[in-house]
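One-letter residues, chain by chain:
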Amino acid sequence: MEPVIYRADRSAGWIEVICGSMFSGKTEELIRRLRRAQIARQRIEIFKPTVDARYSDEEVVSHDENALSSIAVDSAEQIILMVGSADVVGIDEAQFFGLELLTSAQELARQGKRVIVAGLDQDYLGRPFEPIPQMMAIAEHVTKLHAICVVCGAPANHSQRLTASDERVVVGATDVYEPRCRNCFDPGLGRKISEGRTASNPEPEAGVQPPPKKIAPTIK
Ligand code: ZN
């Protein structure tokens, strides 16, 4: 849900955070807000980290291929240098910028800009993923989105990694991750897969019922 914006002081900026797991629609929501600003003839600029080269170098593209032109930058500091006269600044895949993004977002808001930050709030082990938790604390508005658990259909709060890797960032989409709820989330699954364990061949766990297998809606 988009925050109700009350802007008594026309020169005041603010920060909005859109967070959640992968496939929760963060980029779609970012694009929706930016398109509305464009319709209101506000100048928008979108930044994304160069590390996220999944789809295009120049566009913010969500999994449903809804696209807006963006600028790829190496660091959060570059956003300040390249933002120009934009009224509304969108920052996608914000988890890749690190804590430095907090300083940049604060500076943009201080300059009177509306700053919309979209990113993952947890990593593949379910740990808070900076800078999003810190950004949520300093933001005026926070929207947490959910995907749908591919195992049981409940609202999904976690990004389940499906490959064995200890890297905190593995860029990819449906081939690497799937959304899972708290009950179905298994942070060690990637390691089990590398050891020959799969969702249909799970590690035996005493007293724990395996999740139902036949309910597996596909998520796009
Ligand atoms: Zn589930």
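A. Region of interest: the overall build of the protein. Per the secondary structure count, the protein includes five helices and 12 strands. A total of 220 residues make up the protein; the buried ones form 45% of that total. For the protein, long-range pairs separated by at least 24 residues make up 71% of all intrachain contacts whose partners lie at least 6 apart in sequence. Accessible surface, the protein: about 11500 Å² in total, of which carbon and sulfur atoms supply 51%.

B. Region of the structure containing the sheet that holds strand E1 (residues 14–20). The sheet built from six strands is open, its strands ordered E5-E2-E6-E7-E1-E8 with parallel pairing. Bordering the open sheet on either side are strand E5 (71–73) and strand E8 (141–145), each of which pairs with just one other strand. For this sheet, the mean inter-axis angle between neighbouring strands, taken without regard to orientation, is 20°. For E1 and strand E7 (residues 114–120), the ladder comprises seven bridges, and the chain directions are parallel. When the bridges of E7 are listed, glycine 20 appears paired with leucine 120. Along the sheet, helix H1 (residues 26–39) makes contact with E1, strand E2 (44–49), strand E6 (88–91), E7 and E8, crossing E7 at roughly 165°.

C. Layout of the side chain of serine 104. In this structure, serine 104 sits in helix H3 (residues 100–110). When its relative accessible area of 4% is taken as the criterion, serine 104 is described as buried. A polar contact of 2.9 Å, which involves the side chain of serine 104, links it to the backbone oxygen of alanine 76. If near-sequence neighbours (up to four positions away) are discounted, serine 104 is found in contact with Ala76, Glu77 and Ile80.

D. Local environment of the coordination of the zinc ion. Here the zinc ion is held by Cys149 (SG), Cys152 (SG), Cys181 (SG) and Cys184 (SG), and the distances to it run 2.3 to 2.4 Å. Relative to the metal, the four donor atoms surrounding the zinc ion lie at angles of 102 to 120°, and the coordination shape comes out tetrahedral. Of the residues examined, cysteine 184 reaches a relative accessible area of 11% and is grouped as buried.

E. Layout of the pairing of E1. The buried fraction of E1 amounts to seven of the seven residues, a majority that puts the element mostly inside the structure. Both faces of E1 are covered, namely the face carrying Trp14, Glu16, Ile18 and Gly20 and the face carrying Ile15, Val17 and Cys19. Here five bridges tie E1 to E8, and the two strands are oriented parallel to one another. Looking across to E8, one finds that glycine 20 is bridged to leucine 145.

F. A look at the pairing of E7. Along E7, seven of the seven residues are buried, which leaves the element largely enclosed by surrounding structure. Regarding topology, H3 serves as the crossover connection from E6 to the parallel E7, and that connection is right-handed.

G. The pattern of salt bridges, seen in detail. In the structure shown here, the tally under the stated rule is nine salt bridges. Note that arginine 43 is salt-bridged to aspartate 87, the shortest N-O span being 3.1 Å. You can see arginine 43 sitting in the loop between H1 and E2 and its partner aspartate 87 sitting in the loop between helix H2 (76–82) and E6, a full 44 residues away along the chain. Among the residues examined, arginine 43 registers a relative accessible area of 46% and is labelled partly exposed.

H. Quick look at the nonpolar core. Residues Ile15, Ile79, Ile91, Leu101 and Val117 are the most contacted members of the largest nonpolar core, which totals 23 residues. Elements with a minimum of two residues in this core: E1, H2, E6, H3, E7 and helix H4 (132–138). Among the elements that make up this core, the one with the highest residue count is H3 (five residues). Ignoring sequence-local partners within four residues, the contact set of isoleucine 91 consists of Leu30, Phe47, Ile79, Phe97, Leu101, Val115, Ile116, Val117 and Ala118.

About the thresholds
Residue positions are counted from 1 within each chain, in the order its sequence is given. Per-residue local features are limited, in this predicted model, to residues with pLDDT of at least 70; the limit for side-chain atom pairs, both in listing and counting, is 80 or more; totals at the level of whole chains, interfaces and linings are taken over all residues. With hydrogens and water set aside, each side-chain value is computed from the structure's full complement of heavy atoms. Secondary structure follows DSSP: runs of H or I at least 4 residues long count as helices, runs of E at least 2 residues long count as strands, and numbering of each begins at the N terminus. Here's how the labels work: a residue is buried when its accessible area is under 20% of the maximum for its type, exposed when over 50%, partly exposed in between, all with a 1.4 Å probe on protein chains only. By definition, residues are in contact when any of their heavy atoms lie within 4.5 Å. All accessible areas in this document rest on Shrake-Rupley with a 1.4 Å probe, and a residue is counted as covered only by the protein chains that are shown. DSSP bridges decide pairing: two strands pair if at least two such bridges lie between them. Interaxial angle, 0 to 180 degrees, is taken between N-to-C directions of lines fitted to C-alpha atoms, where a helix line uses only the stretch in contact. Any N or O atom pair separated by 3.5 Å or less is treated as a polar contact, with the protein-specific requirement of one donor-capable and one acceptor-capable atom, and with residues adjacent in sequence counted only for side-chain atom pairs. Note: metal donors comprise N, O and S atoms at 2.8 Å or less from the metal (3.2 Å for Na, K and Ca); water molecules are not included, so apparent gaps in a site are possible. Sites are called tetrahedral only when four donors show all angles between 85 and 135 degrees, square planar or octahedral only when four or six donors show opposite pairs over 155 degrees and all other angles between 65 and 115, and irregular in any remaining case. Crossover handedness is defined here as right-handed if the route from the first strand over the helix to the second strand goes clockwise, with the strands pointing away from the viewer. Salt bridge, as applied in this entry: a Lys or Arg side-chain nitrogen positioned within 4 Å of an Asp or Glu carboxyl oxygen. In this text, buried Ala, Val, Leu, Ile, Met, Phe, Trp, Tyr and Cys residues form a nonpolar core when linked through side-chain atoms within 4.5 Å.

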